[in-house]
Amino acid sequence: MACWVDSAPANIALIKYMGKEEGNMPVNISLSYTIERFSTTVELDDAAEYDYLEDDLGLTREQRDRFLVHLRYIKSRMDFGGYFRVRSSNNFPHGAGIASSASSFAALTKVACKAIADIESRPMLSSRELSEIARHGSGSAARSLFGPWCIFDRGEARSVEFPYTIIHELILIDGARKKISSSEAHKLVRSSLLFSNRVERAHVRCQRLIDSLTSQNWHDAYQICWGEFWDMHALFETSTPHFGYIGGNTMHVLRRLEEFWLQHKDGPIVTLDAGPNIHLLWRDDDLRKLFRASASDLTFI
Ligand code: DP6
């Protein structure tokens, strides 16, 4: 029996994709860092009569259906009539608070397109084509096809490089599943009065972030990313109904990170996804070691 396996990494947005149109077309530009060490692997085998999913991710019924809907979408895009058994696993623990939709939809897209290309002796699609298909599964998945950084603009993702080697760290505040999914958040934020200028704000910040990372102005990059995650969380908190993820524990650690920056005039880029956990991007130098030694009560992964 033929079998295909492929994997794709997670990514963390510094300029956030928030608000979308049909086909997960983002309303605004986003910029992400690709987290190579956290990935999803998807395995496909031929199946006789229907597609089915054996998942190790502890997905809900709705999430499983969404995964199979995307497989059907890929097959229709490739004009393919066969069926697959799908198996999916993450190399990061379930409950680690890392959204796996980007890595899982990107991995599913890669492996299904590869399997269909093999079966039908067709050429493999380019990363650009795969990314466009992956977007229909989950918008942020379009970025997981590119690295080390990715710009996602008007539905098209592309790699971008900056003169830094990055170490990504996650401060795990709470690993529980989100009450409001990102897909729901994209809809709810439109009810916020702050949403009206959101596209412009994301655009301005993205351009400034590109400039500061290119010119190695790390402090500006930190400031821009700090403003950007608060912008997204302010949208959440001013939506109707409002919702939010930043509680006392997250706030406590954010204040400590601010103090670190004040004390050292340097530190990591700090960002939050749609959740309470804190992502840090460190330049790969001694600074990170210093902070780790002074923060042993925080949970890092
Ligand atoms: C807050 O890609 O999860 O993580 O397109 O509905 O699957 P769908 O949404 P998703 O949205 C990601 C939102 C975010 C910010 C980001 O990654 O840019």
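Scroll up to find the structure.
Residues numbered from 1 in each chain as written. Predicted model: local features only at pLDDT ≥ 70, side-chain atom pairs only at ≥ 80, totals over all residues. Heavy atoms only, no water.

(A) Focus on the overall build of the protein. The helix and strand tally for the protein stands at eight helices and 11 strands. For 301 residues, the compact-globule formula gives about 19 Å, and the C-alpha radius of gyration of the protein, at 19 Å, lands near that figure. Expressed as lengths along the three principal axes of its C-alpha atoms, the size of the protein is roughly 60 × 40 × 35 Å. Every one of the 301 residues in the protein was classed for burial, and the buried ones make up 52%. Split by element, the accessible area of the protein, about 13800 Å² in all, is 50% carbon and sulfur. For the protein, the centre of its 35 positive side-chain charges and the centre of its 39 negative side-chain charges are spaced 3 Å apart. (Helix = DSSP H or I, 4+ residues; strand = E, 2+ residues; numbered from the N terminus. Rg over C-alpha atoms; globule rule 2.2 N^0.38 Å. Buried < 20%, exposed > 50% of the residue type's maximum accessible area, 1.4 Å probe, protein only. Areas by Shrake-Rupley, 256 points an atom, 1.4 Å probe, with all protein chains shown as cover. Lys, Arg positive; Asp, Glu negative; His and termini not counted. Charge placed at Lys NZ, Arg CZ, Asp CG, Glu CD.)

(B) Region of the structure containing the site of the ligand. Taken together, 18 residues surround the ligand, and among them Tyr 17, Lys 20, Arg 66, Ser 138 and Ser 140 come closest. Here an oxygen atom of the ligand and a side-chain polar atom of Arg 66 are 2.6 Å apart. With respect to the ligand, the side chain of Ser 138 contributes an N or O atom lying 2.6 Å from an oxygen atom. When isolated, the ligand has an accessible area of 460 Å², and the protein chains bury 96% of it. The element that contributes the greatest number of residues to the shell around the ligand is helix 4 (residues 182–188), accounting for three residues. For the shell around the ligand, a count of residues per class yields five nonpolar, eight polar and five charged. Both domains that meet at the shell around the ligand, namely domain 1 (3–160) and domain 2 (168–293), each give it at least three residues. (Near = heavy atom within 4 Å. Polar contact = N/O pair within 3.5 Å; in protein donor to acceptor, adjacent residues only side chain to side chain. Nonpolar A, V, L, I, M, F, W, Y, C, P; charged D, E, K, R; others polar. Domains from an automatic or database assignment.)

(C) Layout of the sheet that holds strand 10 (residues 269–272). Strand order in the open sheet formed by three strands is 9-11-10, with antiparallel pairing between adjacent strands. The sheet terminates laterally at strand 9 (166–171) and strand 10, the two strands that pair on one side only. Shown here is a sheet whose adjacent strand axes are inclined to one another by a mean of 25°, direction ignored. Of the strands in this sheet, strand 9, strand 10 and strand 11 (278–283) touch helix 6 (residues 218–237), which is tilted by about 10° from strand 10. (Pairing = 2+ DSSP bridges. Axes fitted to C-alpha atoms, helices over the stretch in contact; angles between N-to-C directions. Contact = heavy atoms within 4.5 Å.)

(D) Spatial organisation of the pairing of strand 6 (residues 83–90). Inspection of the sheet shows strand 4 (residues 30–47) paired to strand 6 by eight bridges, in the antiparallel sense. What sits directly across from Val 42, in strand 6, is Ser 88. Alignment of strand 5 (residues 52–55) against strand 6, held across four bridges, turns out to be parallel. From the neighbouring strand, Asp 55 faces strand 6, where its bridge partner is Ser 88.

(E) Region of the structure containing the environment of Arg 66. By the element assignment, Arg 66 lies in helix 1 (residues 61–77). Along the backbone, Arg 66 and Ser 138 are 72 residues apart, and their C-alpha atoms lie at a distance of 9.6 Å. Among all residues touching Arg 66, those that are not within four sequence positions of it are Phe 105, Gly 137, Ser 138 and Ser 183.

(F) Representation of the side chain of Ser 103 within the structure. Among the structural elements, Ser 103 can be located in helix 2 (residues 101–119). For Ser 103, the side chain forms a polar contact with the side chain of Thr 40, separated by 2.7 Å. With near-sequence residues (within four places) excluded, Ser 103 lies in contact with Ala 8, Pro 9, Ala 10, Thr 40, Phe 92 and Ser 144.

(G) Region of interest: the packing of helix 1 against helix 2. Between helix 1 and helix 2, the shortest axis-to-axis distance is 10 Å and the interhelical angle comes to 35°. For the element pair helix 1 and helix 2, the recorded crossing hand is right-handed. In this structure, helix 1 contributes Arg 66, Phe 67, His 70, Leu 71, Ile 74 and Lys 75 to the contact, and helix 2 contributes Ser 104, Phe 105, Leu 108, Thr 109, Ala 112, Cys 113 and Ile 116. (Left-handed = near helix turned anticlockwise from the far one by under 90°.)

(H) Inspection of helix 7 (residues 248–264) at higher detail. With 17 residues, helix 7 extends 24 Å from end C-alpha to end C-alpha; this agrees with the ideal 24 Å at 1.5 Å per step. Among the residues of helix 7, those classed as buried are Thr 250, Val 253, Leu 254, Leu 257, Phe 260 and Trp 261. Buried residues of helix 7, seen end-on, are gathered within an arc of 110° and therefore sit on one face of the element. Opposite the buried face of helix 7, by more than 90 degrees, sit the exposed residues Gly 248, Leu 262 and Gln 263. Within two residues after helix 7, Lys 265 carries a phi angle of roughly 55°, on the positive side. (Expected span 1.5 Å × (residues − 1). Arc of directions from axis to C-beta.)

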